[in-house]
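Listed below are the residues making up each chain.
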Amino acid sequence: MLGVKALLVTPYFWPERLGIAPYATEIAEGLAARGVDLVVLTGEPHYPSKHAIDGTTGWATAHLPYAVRRTPLRDRSSGRLGVRLWNDLAFARSVIGNVRGGCWRKAPALVISPTILAVPALRLAGHHGPIVLAVYDVESELAVATGIFAPQLQGLLRSFERACVRRADTLVTISTQMAETLQRLHPDRDVTVIPLWSACGVFEPRQRPASRPPTFMYSGGLSPRHGVQLLPRIWSELRRRMPEAQFIVQGDGSERESVHAALREIGGNLSLRLPVEKETLAQSLQDADLQIVLQLSGVATHTLPSKALTCIGAGVPIVTNAEAHSTLGLLIDHHGLGIRGDDDVAAITGQIADLFAAPKELEAMQTRVGAYAAQHLDRERSIDAYLAALRP
């Protein structure tokens, strides 16, 4: 038991269902269960869009085992840079106001990035306690890889990021590959790896119903950084190779309307859904034989899509275009948890067709996924590591 108060600072939190929100929520639950007197500084639900939260009632008045202080943030569904920057600044101002208002200036703080601005905001507000910065996205690299900023601004972004990181006492990230990137960008800092886990828990792979056609699913954020522009091409090629196949798209984001329109134009056995609640997420993922996890070229080396671990936790193999040297690419290749290729849609779908032509190999892949999840996706061990990092 920590025995003292602590802050958890993250713009994304329950009841948001995508991105880092489920992990931030489970960290809060885990720390509170371990006796930490916790205050969460976060935003009102806004990601991937406010309408995606409309069906979730009671979040503003929910009685939780920790205090939650929220600031209004703008809907992220447009995907515009201006909205993201406005939200980052608004959240930083909120952090300053809460801490200056007496919210535990000496308590240890866990900041989950994005957004990294929260670290200097805490110091500007007079926070004197230790700050643990958990980097889930290397923002200076992602901003260029996703085209948000021009490559000419890379040096300026890195300098700003270094200035923010310098104000944290402990630097944490989610994979060895991301730790190497951070140590290259911040050579004077040690980096601790605390792995992610499956946000939906760990389940035995479900036996494939004999009557089910080959079924594929994309579940998660529908935004450019997730490489969703490949989804219509993949579905078109899968329909050509396997006319009986079914495709389920479950998610929300700035590209939802355009992706849905492109898929409807292709037609076929198609099901388009909004995100589901955490309690039914694993069951919904198990509706598919393979989960498609895409990343924009160059992005996978600077982050790890949490949905990949959620799919593995549900016992479903993955199809991805992640680079071979990225965290997800190494995970898939080294442990045999799915199919990995580049952006060559014909090659990826060819591997998928070959897999369904050899059902024993698909079954063996599902077995490997289940074994990996049971051995490596331990939420309690990771939350214990966060608790240790927060100790004064």
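Preceding block: the structure.
What you see is a predicted model; the values in this text were computed from it and never measured.

Enquirer: Even after reading the chapter, I still don't get unusual backbone geometry, so can you show me in this structure?
Expert: Glycine aside, residues mostly have negative phi angles, and peptide bonds mostly take the trans form. The peptide bond linking Trp14 to Pro15 adopts the cis configuration, its omega dihedral lying at 15 degrees. Look at the link from Ser113 to Pro114: it is a cis peptide, with omega at 15 degrees. As for its position among the elements, Pro114 is in the loop between β4 (109-113) and α3 (118-124).

Enquirer: What is the right way to look at the sheet that holds strand β12 (residues 318-320) in this model?
Expert: Pairing between the strands of a sheet comes from backbone hydrogen bonds, and it takes one of two forms, parallel or antiparallel. Spatially, six strands are ordered β10-β9-β8-β11-β12-β13 in an open sheet, and the strand pairing comes out parallel. Of all strands in the sheet, those bounded by a partner on one side alone are β10 (269-273) and β13 (338-340). Neighbour-to-neighbour, the strand axes of this sheet turn through a mean angle of 20 degrees, independent of strand direction. Alignment of strand β9 (residues 246-252) against β10, held across five bridges, turns out to be parallel. Note on β10: the bridge partner recorded for Gln246 is Asn269. Strands β8 (215-221), β9, β10 and β11 (290-293) of the sheet are contacted by helix α7 (residues 231-241), whose axis makes an angle of about 165 degrees with β9. Together, β8, β9, β10 and β11 form the strand contacts of helix α9 (residues 278-285), whose direction differs from that of β8 by roughly 150 degrees.

Enquirer: Please clarify how the nonpolar core should be interpreted in this entry.
Expert: Most often, soluble globular proteins keep nonpolar side chains buried together rather than apart. Judged by nonpolar contacts, the single largest core of 94 residues is most densely connected at Tyr136 and Ile312. A total of seven residues in this core trace back to one element, the largest contributor, which is helix α1 (residues 21-33). Those residues in contact with Tyr136, other than ones at most four positions away along the chain, are Ile20, Tyr23, Ile27, Ile112, Ser113, Ile174, Met178, Leu196, Thr303, Leu304 and Tyr386. Counting 27 residues, the second largest nonpolar core, distinct from the first, contains Leu238, Ala245, Ile348 and Leu355.

Enquirer: I'm lost on the layout of surface pockets in this one. Help?
Expert: Think of a ball as big as a water molecule: rolled over the atoms, this probe shows where empty space is left. Roughly 410 Å³ of volume is contained in the second largest pocket. Around the second largest pocket, the lining is made up of 21 residues, and of these Ile174, Ser175, Pro195, Leu331 and Tyr372 lie nearest the centre. Counting only elements with at least two residues in the lining of the second largest pocket, the list comes to α6 (176-185), α11 (327-335), α13 (359-376) and α14 (379-390). Considering every element that reaches the lining of the second largest pocket, the biggest residue donor is α11, with five residues. Taken together, the residues of the lining of the second largest pocket sort by class into 11 nonpolar, eight polar and two charged.

Enquirer: Explain empty space enclosed by the protein to me, please; I cannot follow it from the model alone.
Expert: Within this structure, the stated rule accounts for three cavities of 30 Å³ or more. Quantified by volume, the largest cavity comes out at close to 50 Å³. For the lining of the largest cavity, the per-class residue count stands at three nonpolar, three polar and three charged.

Reading guide: rules and limits
- Residues numbered from 1 in each chain as written.
- Predicted model: local features only at pLDDT ≥ 70, side-chain atom pairs only at ≥ 80, totals over all residues.
- Heavy atoms only, no water.
- Helix = DSSP H or I, 4+ residues; strand = E, 2+ residues; numbered from the N terminus.
- Pairing = 2+ DSSP bridges.
- Axes fitted to C-alpha atoms, helices over the stretch in contact; angles between N-to-C directions.
- Contact = heavy atoms within 4.5 Å.
- Core = buried A, V, L, I, M, F, W, Y, C linked by side-chain atoms within 4.5 Å.
- Buried < 20%, exposed > 50% of the residue type's maximum accessible area, 1.4 Å probe, protein only.
- 1 Å grid on protein atoms, 1.4 Å probe; cavity = no way out; pocket = protein on both sides within 12 Å on 5 of 7 lines; lining within 4 Å.
- Points joined across faces, edges and corners; volume = space filled by probe spheres on them.
- Nonpolar A, V, L, I, M, F, W, Y, C, P; charged D, E, K, R; others polar.

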